[in-house]
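Structural features, examined
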Amino acid sequence: MLVRSQHSPFKQMAQMSHHMLPVLVAAVLSITAAASAASSHSHPHPLDPLTPDEITAVRAAVLASPRVPARPLTFHYVGLDEPDKPDVLAYAYGGSGSSSRPLLPRRALVIARAGGQSHELRVSVASNGTSAAVLSHAVHSGAGFPVLTLEEQFAAVALPQAYPPFVESVRRRGVDMDDVLCAVFPVGWFGGRAGTTAKRVAKMLCFVAGPTANFYARPIEGITMVVDLDAMAIVGYRDRVTYPVPKAEGTDYRAGKTGPPLAPGVAVQPEGRGFHIDGHVVRWANWEFHVGFDMRAGTVISLASVHDHDADAGTRRRVLYRGFVSEIFVPYMDPVEEWYYRTFLDAGEYGLGLWAFPLQPGADCPANAAYLDGSYAGQDGKPVGGENRICVFERYAGDVAWRHTEAGFPDRLITEVRPDVTLVVRMVVSPGNYDYILDWEFKTSGSIKFVVSLTGLLEVKGTSYTHADEITVDAHGSLVSENTIAVYHDHYVTYHLDLDIDGTNNSFVKNIITAKRNTGDPATGGAGTPRRSYWTVRREVAETEADGQADVNAAPADLLLVNPGKKTRMGNEVGYRLIPSGATAASVLADDDYPQRRASYTKKQVWVTPYSKSEKWASGLFADQSTGADSLTAWSRRNRGIRDQDIVLWYTLGLHHIPYQEDFPVMPTLSGGFELRPSNFFERNPILKIGRPPIRSSASGNCSCDAR
């Protein structure tokens, strides 16, 4: 997907020399190297993301280490190598005050390229964050390559401007070269060489901007370029077919190019925000959790616990140890040469955190939002500070948390209502044409809702068709405008959720709804009544990983994670259940198709695995050109035990996208999600302990209604 600037013309950017790219990236992203909020603390939280000072120290240690002598050395991932889980749990829930907690070691995981090899290094960081030392080093020998850097994508898209065959192809199409923009697309894997013998290549496609900002709507169809990213040279070119470039008219989405705006609305909190942020720790209502940032995963939520008002004073009950988006798989459904390889792994190939741009106050997030920054390492290893990458806000949507009106008393009417106020943690990721709004929504009921909202621009194909009646064969998409086919595709967003329901030892339970006939025999649950059928629940406890897989569309069932060692006063195991809420599609690609082999976990929405610190990324640590040998599916083939163990829930939200004309030129937001909801976790409804807020009059001086 395209690397583009919010402040400078892309054309000027592409013409800059390669040695200026690190400077360019800093300018493009409006970055600063200011220290993050966490760096102001003498003892950072063990799960705080690396600070700019720590990133600087890690860079220096890697460059000074004799373990990787080859140059140039480029940094593709620098992230927190979090302490061992038992140590973090002891730190967070050990009961001692923050001043007496042990200072856990700070370490970084670095993935770098040098000498044509991918290197994994673990680096220890001093407690003051100003020095570091390399602890271990390994050369990756399997299939796959690390996340693409922004800088190498900038360098690659500058190449076509001076490549004579491409210049000639553009001229023959009657396109002005000054209007051409290009983008880098991973090639996927389709058999052939893998591992150390494979070339680190990508493909480049080009578009025409002209008078519109929506250049994705104007592809130069039929041209494919291959670029060697290590050599930074075009090594393959083909101009296969020529189609008209779609027109620019009616494709722009910018303000001033569209209709009049709606009347503004503002969220007002007269008594201030109801949440508090201390470094990266957020406290709100009955919730406390840690918010982190990772250049691959984006937002990371850790140590989410809920205060139980019916338990001992101050009791924090554990719900989630660590959760994040592990992968976003987007395969397109056109098998022709220019499209067959478009099977993106957005987290593993591009990095979600790298493509999280500054949130727009009052638009992306309401006026009552607070913001968190996200720092990461650039290709040269120097810190890049990202402002306003995550927002936190209270949502007042007019929904009801619970209510009841009782009309059974002959002399009075009783109505009790509690408004549903929730806390949202939001990031928006824009890896090219699509925008993903990723929300974590915490509710006073103890639930956590996960909402993925898709918007942005369709990826379209140039065609000779100008009317649907002309299409006589499978066009692999929908005609949304003249000469414009929006190609069919899927979106699969996979979450890694290390749930610790009241402790680390949990089990996965399927409460399967089973239809029964009323036989009249009380011994089998029947009764001597005219009722002929009913349903009941068959409880299945997963023993192994094979049992822990589920297709949520296959049969009606409640899917739960329970703690068999903790029970309510009524004797029920405490737990949380998974509730899908739309977007439950599973992949329909053939099992032997190469994209499906890389992302075979998308055949089912639910997987449960035993906890392993190294098993974070559903598509593997090295996702670019991966083969599926290091993936969620591959790990699960070991069929390890998961009953009464420290287990991880993987949930994939899926959507088959058949585009329609209303999705063009910019797509209205489409949302899907799921919820983790307490199930016998509390003794009763926890919202009963939360008081009713004061009722304020809705009358205002600007009401235009007739008050009759």
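Residues numbered from 1 in each chain as written. Predicted model: local features only at pLDDT ≥ 70, side-chain atom pairs only at ≥ 80, totals over all residues. Heavy atoms only, no water.

Going by what an unreviewed UniProt entry lists, the chain is known as Amine oxidase and is assigned to Zea mays. The heading Sequence similarities (unreviewed entry) in the UniProt record of the chain holds the text "Belongs to the copper/topaquinone oxidase family." (UniProt positions renumbered as here; feature names shortened; annotations may be inferred.)

Some words on the packing of aromatic side chains
This structure, assessed with the given rule, holds 28 aromatic pairs. Relative to Phe 344, the ring of Tyr 332 lies with its centre 6.0 Å away and its plane at 80°, an arrangement referred to as edge-to-face. With a gap of 12 residues between them, Tyr 332 in the loop between β13 (316-331) and β14 (343-345) and Phe 344 in strand β14 connect regions that are remote in the sequence. In this structure Tyr 332 comes out as buried when scored by relative accessible area, which is 5%. The class of Phe 344 is buried, set by a relative accessible area of 1%. (Phe/Tyr/Trp six-rings, centres within 6.5 Å; stacked < 30°, edge-to-face > 60°. Helix = DSSP H or I, 4+ residues; strand = E, 2+ residues; numbered from the N terminus. Buried < 20%, exposed > 50% of the residue type's maximum accessible area, 1.4 Å probe, protein only.)

Focus on the sheet that holds strand β6 (residues 201-208)
Spatial ordering of the open sheet is given by β5-β6-β7-β8, a layout of 4 strands whose pairing is antiparallel. The sheet is open, and its two borders are formed by β5 (180-186) and β8 (233-239), each paired with just one other strand. On average, each strand axis in the sheet is inclined to that of its neighbour by 30°, with strand direction left out of account. Bridge analysis of β6 against strand β7 (residues 223-228) gives 4 bridges, and the strand direction is antiparallel. Across the sheet, the residue bridging to Val 201 is Asp 228, located in β7. Contacts from helix α6 (residues 164-172) reach β5, β6, β7 and β8, with the element oriented near 35° to β8. (Pairing = 2+ DSSP bridges. Axes fitted to C-alpha atoms, helices over the stretch in contact; angles between N-to-C directions. Contact = heavy atoms within 4.5 Å.)

Structural notes on the sheet that holds strand β19 (residues 448-456)
Across the sheet, which stays open at both edges, the 10 strands sit in the order β15-β16-β17-β18-β19-β30-β27-β26-β24-β25 with antiparallel pairing between neighbours. The two strands at the open ends of the sheet, each matched to only one other strand, are β15 (370-377) and β25 (533-541). Along the sheet, successive strands turn relative to each other by an average axial angle of 25°, direction set aside. Relative to strand β30 (residues 667-679), β19 runs antiparallel, the two being bridged by 8 bridges.

Some remarks on the environment of Leu 561
Relative to the helices and strands, Leu 561 is located in strand β26 (residues 557-567). Considering only alpha carbons, one finds Leu 561 and Pro 678, 117 residues apart in sequence, at a separation of 9.8 Å. Residues within four places of Leu 561 in sequence aside, it is in contact with Leu 499, Ile 501, Ser 507, Phe 508, Val 574, Gly 575, Tyr 576, Ile 647 and Leu 649.

A short note on the pattern of salt bridges
Taken as a whole and assessed by the stated rule, the structure comprises 44 salt bridges. Salt-bridge contacts for Glu 459 lead to Arg 342; the nearest nitrogen and oxygen are separated by 3.0 Å. Note that Glu 459 is positioned in the loop between β19 and β20 (460-462) and Arg 342 in the loop between β13 and β14, a separation of 117 residues in sequence. The exposure class of Glu 459 is buried, given its relative accessible area of 3%. On the basis of relative accessible area, Arg 342 is assigned to the buried category, the value being 4%. (Salt bridge = Lys/Arg side-chain N within 4 Å of Asp/Glu carboxyl O.)

Some words on helix α3 (residues 52-64)
Relative to the 18 Å expected for 13 residues at 1.5 Å per residue, α3 spans 18 Å between its end C-alpha atoms, a close match to the ideal helical length. All of the buried residues in α3 are Pro 52, Glu 54, Ile 55, Ala 57, Val 58, Ala 61 and Val 62. Along its buried surface, α3 packs onto β1 (73-80), β2 (106-114), β3 (117-125), β4 (132-139), β15 and β16 (383-406). (Expected span 1.5 Å × (residues − 1).)

A short note on empty space enclosed by the protein
The rolling of a water-molecule-sized probe over the atoms marks out the regions of remaining empty space. All told, the structure shown has 10 cavities of 30 Å³ or more when counted by the stated rule. Forming the walls of the largest cavity are 24 residues, and the residues nearest its centre are Leu 80, Phe 293, Asp 294, Val 300 and Arg 322. Mapped onto the lining of the largest cavity, the elements with two or more residues apiece are β1, β11 (287-294), β12 (298-307), β13 and β15. When grouped by side-chain class, the residues that make up the lining of the largest cavity number 14 nonpolar, 5 polar and 5 charged. Residues from two domains meet in the lining of the largest cavity; each of domain 1 (52-140) and domain 2 (275-382 + 390-395 + 421-506 + 542-689) gives at least three. (1 Å grid on protein atoms, 1.4 Å probe; cavity = no way out; pocket = protein on both sides within 12 Å on 5 of 7 lines; lining within 4 Å. Points joined across faces, edges and corners; volume = space filled by probe spheres on them. Nonpolar A, V, L, I, M, F, W, Y, C, P; charged D, E, K, R; others polar. Domains from an automatic or database assignment.)

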